[in-house]
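# Structure at a glance
Okay, here's what each chain looks like letter by letter:
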Amino acid sequence: MISPASSGQRKLKLLAVTACPTGIAHTYMAAEKLAQAAAELGIEMKVETQGSIGAENVLTDNDVRDADGVIIAADKDVTLDRFAGKRVLSVPVADGIHRPAQLIEQVRDAPVHQGDSPAGGSAGRGGGKERSAAYKALMNGVSHMIPFVVVGGLLLAVSIALGGHSTPKGIEFDKGTFWFYVNTLGGLGFKLMLPIFSGYIAFALGDRPALVPGMIGGFLAYDGMGIYGADANAGFLGAIATGFLAGYLVRWIRKVKVPKFVQPIMPIIVIPIVSTLALGMFYIYVIGRPISWGFTHLTSWLNGMTGSSAIVLGALIGLMIAFDMGGPVNKTAFLVAVGLIGTNNAVMGMAAAAIPVMPLGQGLATLLRRKLYSEQERETGIAALFMGFFGISEGAIPFAAARPAQVIPANMLGGAVAGAVAGVAGVEDSVPHGGPIVSLFGAVGGAAMFFLAIAMGTAVTALTTNALIDVKSRRERGRREAPAALVPEPVPVGVGSGGGVGDGANGGAGGAGDNAGAGAAAAVDSAGDGAGTAARAAAAAGAADSAGAGAEAAESSGASTATTTADRAGAVPSGQALPEVLAGYLTARTVRVELAAREKRAAIREMAEMLGTTGNVRDVDELVRVALAREARGTTGLGEEIAIPHAKTDAVSAPVVGFARSAEGIEWGSQDGTRARLIFMISVPEAAAGDEHLRILALLSRKLMDTGFRTRLAGAADEAAVLEVLREIQ
């Protein structure tokens, strides 16, 4: 443990910059944690926050000149040129929350920044979970693909259920009927799925010029058979390949130096045309040929296996069906099974049992371990369950694309189990389709064992997926939470140490800071930039939360008073008036010790009606509508049993904040799966939103990371006691 500077030694001086995409929760939580850790260790630190209300506590040239190093905890680009010649440590913002002491130790050995690169370039990595540009690009593709998967899949499922009928060719529709057109629209959604996926992977890497080649490459992966007569389509794995190829190709072309008169047309004409031609020809002549070769030989090999053991053949069919969901391996198994309908229906029975296992398994996984998944993934899981029932395996593609190393093996294992069980039981299917729906059409022989095979495969897929995700999460958490090495003693003048910023994604879900941070960051996605008094107030509030030993250490070592204030926010000298709570926006009228509501919608209405007692709410119904609309865009449940619903609306005439508790807790969709027990509701008029809305959220984000504060708030006996605790928020 590092001790404060002793006599004659220069105290270590560090700088930090914190930032997150939305600029509230993670930004201020990381700043607070870093400042607290530095104060406890007797190290002087100044932290610049780059939040939605502007840059605060900005680092000056003198600060940089005198610094021994810079820690930048951020999930967005931060220019590092001003730190040239300093040791720079680059980590995700979540590491600033969870590992501040370790970062202070690691910055000593960080590489010296050479300049001319943004955060995430040559700056040193801090050992945290760094999300690369490739990972972010993949997630960009997945997030844009999901609506097409859900809408297309559900339209297909509904049309099959209500308008389809079983034929020897599969599930068909009477042309010209309503359900025929619904099915056609669903198919169109699926047709766009892979082009969108590939296009937005490319877009994230190469910006707009990469969108066209990425989407055209995605179409080639989806329908190479129809476009240029390929023997097989590449499926979603091919779309991943075309997306990355297009993105990196465009990035390379943009580096080519061209005459000035050509530069204006490069991004709109030259780059898209050249990259599209290059990618398209490369796909057709280079990627497509081995896919066709593999498809042909795989088909011949599988046909030769049809006379082997039923359990072996079933497991093999299931493995192939589950591997790439519409790709060449999947199509090989499916077409072999279809070709044997009428002569050996048992092979189609194996395929039919395996087809729904992937979406059903992934959907079940999101229900069994909700905290492992984001809200969007949980919603996609519900849709996947529905699609799986109707034999639409593409419902699992978003999960496989986001976590291929965990999901694809789990899918294959579950598919193999389903296929093997169906093979041993002699399940038969007389139509070229899969899933429970075919049994309802009377096309399955041995229906009981068919459902058992699906159930077993689904359970194996779900349990294996969650186990693999959990193992990965534990490993990452172990790296983040490994015992910090001893923090170095203060070093002599001239020995630099520093920190930098990473472009990584949010870290894990452990601790109040991270969970609260993720939710609060989402909670302010629509807020605009603020400035002026709001920025100053938010900055001042950040200095008030450090206490105890940290402040004492800071005082004894002469650390900067801007980051080591020790006074408890609620402590007021005798004879002076008690400070207002959140600038007077939260009063005794807007505190409720126990909510009567037991679900989120009712809780929001109850709190809105409570806010209405202040006279600052013009229209309670409109306030409720806006708050619920905000919830529909993304939960305001922060985790750690906290929720902060909020609304920007002229249904209120002045900012007003309410607080309420729920002993039972209310399901709020928090990422960590906890029910909300401490609930703040913030309502501000449109005109004040850019200022007050952000400032209030910043104050709450800072203070709610304090476990002791949350404990005191939960244990306060009555409204007066609650207000006394809330006065600590300053």
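Check the entry above for the structure.
First, a word on what this report is: a plain description of the structure on this page. (Residues numbered from 1 in each chain as written. Predicted model: local features only at pLDDT ≥ 70, side-chain atom pairs only at ≥ 80, totals over all residues. Heavy atoms only, no water.)

### Here we look at the packing of helix H22 (residues 600-612) against helix H23 (residues 620-633)
Packing of H22 against H23 leaves a shortest axis separation of 9 Å and a crossing angle of 140°. Relative to H23, H22 is oriented oblique. For H22 against H23, the interelement crossing comes out right-handed. Touching Lys600, Arg601, Ile604, Arg605, Ala608, Glu609 and Leu611 of H22 are Val620, Asp621, Leu623, Val624, Ala627, Leu628 and Glu631, all from H23. (Axes fitted to C-alpha atoms, helices over the stretch in contact; angles between N-to-C directions. Helix = DSSP H or I, 4+ residues; strand = E, 2+ residues; numbered from the N terminus. Parallel < 35°, antiparallel > 145°, perpendicular 65-115°, else oblique. Left-handed = near helix turned anticlockwise from the far one by under 90°. Contact = heavy atoms within 4.5 Å.)

### Comments concerning the nonpolar core
Ranked by size, the top nonpolar core spans 79 residues in total, and within it Phe197, Phe236, Leu302, Ile317, Ile321 and Phe450 carry the most contacts. The greatest single-element share of this core, amounting to 9 residues, is contributed by helix H5 (residues 133-163). Ranked by size, the runner-up nonpolar core spans 25 residues in total, among them Val617, Leu623, Ala643 and Val652. (Core = buried A, V, L, I, M, F, W, Y, C linked by side-chain atoms within 4.5 Å. Buried < 20%, exposed > 50% of the residue type's maximum accessible area, 1.4 Å probe, protein only.)

### Remarks on the environment of Met325
Assignment of secondary structure puts Met325 in the loop between helix H10 (310-324) and helix H11 (328-339). Met325 sits 89 residues away from Phe236 along the chain, and the two C-alpha atoms are 7.6 Å apart. Once you skip the residues sitting within four places of it in the chain, Met325 turns out to touch Phe236, Asn330, Met358, Ser393, Ala396, Ile397, Ala400 and Asn411.

### Some words on unusual backbone geometry
At Asp207, a residue that is not glycine, the phi angle is positive and equals roughly 65°. In this structure, Asp207 sits in the loop between helix H6 (178-206) and helix H7 (211-228).

### Focus: the pairing of strand S4 (residues 69-74)
Working note: regular strand, side chains alternate between the two faces of the sheet. Burial within S4 is extensive, with 6 of its 6 residues counted as buried. Where burial is concerned, the two faces of S4 agree: the one with Gly69, Ile71 and Ala73 and the one with Val70, Ile72 and Ala74 are both buried. Here strand S1 (residues 13-19) pairs with S4 via 6 bridges, running parallel. Within S4, the position partnered with Ala19 by the bridge is Ala74. In the sheet, S4 pairs with strand S5 (residues 88-91) via 4 bridges, with the strands oriented parallel. (Pairing = 2+ DSSP bridges.)

### Regarding the pattern of salt bridges
Inspection of every chain in the model, using the stated rule, returns 17 salt bridges. Across the salt bridge formed by Asp470 and Arg474, the nearest N and O atoms sit 2.9 Å from each other. Of the two residues, Asp470 and Arg474 both sit in helix H18 (residues 447-481), 4 residues apart, roughly one turn of that helix. In this structure, the salt-bridge partner of Arg677 is Glu641, at a minimum N-O distance of 3.2 Å. Pair noted here: Arg677 is in strand S17 (residues 676-684) and Glu641 is in the loop between strand S13 (637-639) and strand S14 (642-643), with a separation of 36 residues, a long-range link. Overall, Arg677 belongs to the partly exposed group, its relative accessible area being 26%. Sharing partners across several salt bridges, the network here consists of Arg369, Asp470 and Arg474. (Salt bridge = Lys/Arg side-chain N within 4 Å of Asp/Glu carboxyl O.)

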